[in-house]
Amino acid sequence: MKRTNDHIENIQRKIGYDFKNTDLLFQAFIRKSYSEENGGENNEVLEFIGDKVLDLIVIKLLAEKYGKIHPAQIGSYDDLEVFVSELDEGELTEKKRKLVEKKNLAERMLDLGFSKYLIMSKGDLKNELQYSKSVMEDLFEAIIGAIALDSNWNLKEIQNVVECMLDLENDSEDNENYVNKLQEWSLKRYGILPDIQLGKLDRYETLNMPLHPSNEIRTPWRHYDILNTADVKKCVIILNEINYKFVGYGCSNSEARSSASKIAYEYLKENDLLLSIKDEIDEPNAEDAISQLEILARRGYFSIPTYDFKQTYDKDGNPIWNCVCNINEIEKSFSKKSSSKKDAKKKSAYEMLKYVLEEL
């Protein structure tokens, strides 16, 4: 990543946080391999900090989603106020594992388009490690570590960023991840995440349900199993050029956000505003074709591409690599030759990419 204001501002918009010291954000993108070649600091310690902070924030989010302080009787003790959780320790551990696992963190970095900003050694770039799941996981954690330091360990600000960056619905049994889908739509359409406003339900709004302004679309109101309506969370989502506010409710910020995201996404679908496969890739090109095909595969258009290689030699004994790109759901395959195995793979991937963007 070149140190430009546009790059810094773009990253800050996507994570929902403005750095006081943008040098920390810049450092989060510097791999150890680069500093070993050129000197200076890298993102290793930021990654260590972010790893621990992320665990704390995810546990906090799960506690808010699945638990609450509730009056209870324990043995001979009456009217105690204790923490009650819908899930036991093992179930919470599994949900936390899914949220912070390498695959999930890596996919979020790739979805946000952050791989292109990494600062790496020439060797790492040659081996395309900017798409490695481990490298992407490290980057996610380094960004969280940078925010922890920049915000002076402000848990509220860190949590807001984690809720923007993380796939919080990954632990849901619902296959429709509306938060993620809406984020992807907004990033492709406007280059920024949706404008999300989190807050609490006020008494006036509770008394006046179902009345609401004509420019709002709300999720249906239901009576929450809580002691006080003040505990209900509210999320308002505003999309550029859409003349509605989408309002969702829940017992946690995450639930309210998921609810608002669902009605916003359904509105886009009903009004033919969703993106096509061509909108998924900003600038199709041969250099990034391998990762761009993988992005389309992760978003459900087809299965992960496979590549078959065959090596031959020309009359002077120089190696010639032939690479064939295949996708199970696509009848056609694309073959390209080059003196470089990597170059042959890129070329065959690019031919497949051009085909699927036109045909699907």
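Source: prediction; values computed, not measured.

**What about the packing of aromatic side chains?**
Then comes step 1: Applying the stated criterion across every chain, the model contains 9 aromatic pairs.
Then comes step 2: Aromatic pair Phe334 and Tyr355: ring centres 5.5 Å apart, planes at 50°, arrangement tilted. Highlighted residues: Phe334 in strand E9 (residues 334–338) and Tyr355 in helix H15 (residues 341–359), separated in sequence by 21 residues.
Then comes step 3: For Tyr355, a relative accessible area of 24% gives the class partly exposed.
Then comes step 4: An aromatic cluster of at least three residues, connected via ring pairs, comprises Phe29, Phe114 and Tyr117.
Then comes step 5: Looking at Lys181, its charged tip hangs above the ring of Tyr178, at a distance of 5.8 Å from the centre.
Then comes step 6: Its guanidinium or amino end placed over the ring of Phe309, Lys341 lies 4.7 Å from that ring's centre, counting from NZ or CZ.

**Some details on the side chain of Ser259**
Then comes step 1: When you line up the elements, Ser259 lands in helix H12 (residues 253–270).
Then comes step 2: The exposure class of Ser259 is buried, given its relative accessible area of 18%.

**Things to note about helix H10 (residues 178–190)**
Then comes step 1: The first and last C-alpha atoms of H10 sit 18 Å apart over 13 residues, in line with the 18 Å expected at 1.5 Å per residue.
Then comes step 2: Among the residues making up H10, those that are buried are Tyr178, Val179, Asn180, Leu182, Gln183, Glu184, Trp185, Ser186 and Leu187.
Then comes step 3: Positioned one or two residues after H10, Gly191 has a phi angle of 80°, which is positive.

**Here we look at the confidence of the model for the chain**
Then comes step 1: Here the chain shows a mean pLDDT of 84. Residues at 70 or above account for 88%.
Then comes step 2: Across residues 223–227, where pLDDT falls below 50, the model places 11 contacts with residues more than four positions away in sequence or in other chains.

**Some remarks on the state of the cysteines**
Then comes step 1: By the definition in use, this model includes 0 disulfides.
Then comes step 2: With no disulfide of its own, Cys325 lies closest to Cys323 among cysteine sulfurs, the gap being 6.8 Å.

**What about the environment of Leu99?**
Then comes step 1: Inspection of the secondary structure assignment puts Leu99 in helix H5 (residues 89–100).
Then comes step 2: Sequence separation between Leu99 and Leu166 is 67 residues; the distance between their C-alpha atoms is 7.7 Å.

**Re unusual backbone geometry**
Then comes step 1: Of note, the phi angle at Trp153 is positive, near 65°, even though the residue is not glycine.
Then comes step 2: With respect to the helices, strands and loops of the structure, Trp153 is situated in the loop between helix H8 (133–150) and helix H9 (155–165).
Then comes step 3: With relative accessibility at 46%, the residue Trp153 sits in the partly exposed group.
Then comes step 4: Its identity as a non-glycine residue notwithstanding, Asp272 has a phi of 55°, on the positive side.

The rules behind the values
Residues numbered from 1 in each chain as written. Predicted model: local features only at pLDDT ≥ 70, side-chain atom pairs only at ≥ 80, totals over all residues. Heavy atoms only, no water. Phe/Tyr/Trp six-rings, centres within 6.5 Å; stacked < 30°, edge-to-face > 60°. Helix = DSSP H or I, 4+ residues; strand = E, 2+ residues; numbered from the N terminus. Buried < 20%, exposed > 50% of the residue type's maximum accessible area, 1.4 Å probe, protein only. Lys NZ or Arg CZ within 6 Å of the ring centre and 35° of its normal. Expected span 1.5 Å × (residues − 1). pLDDT = per-residue confidence, 0-100. Contact = heavy atoms within 4.5 Å. Disulfide = S-S within 2.5 Å.

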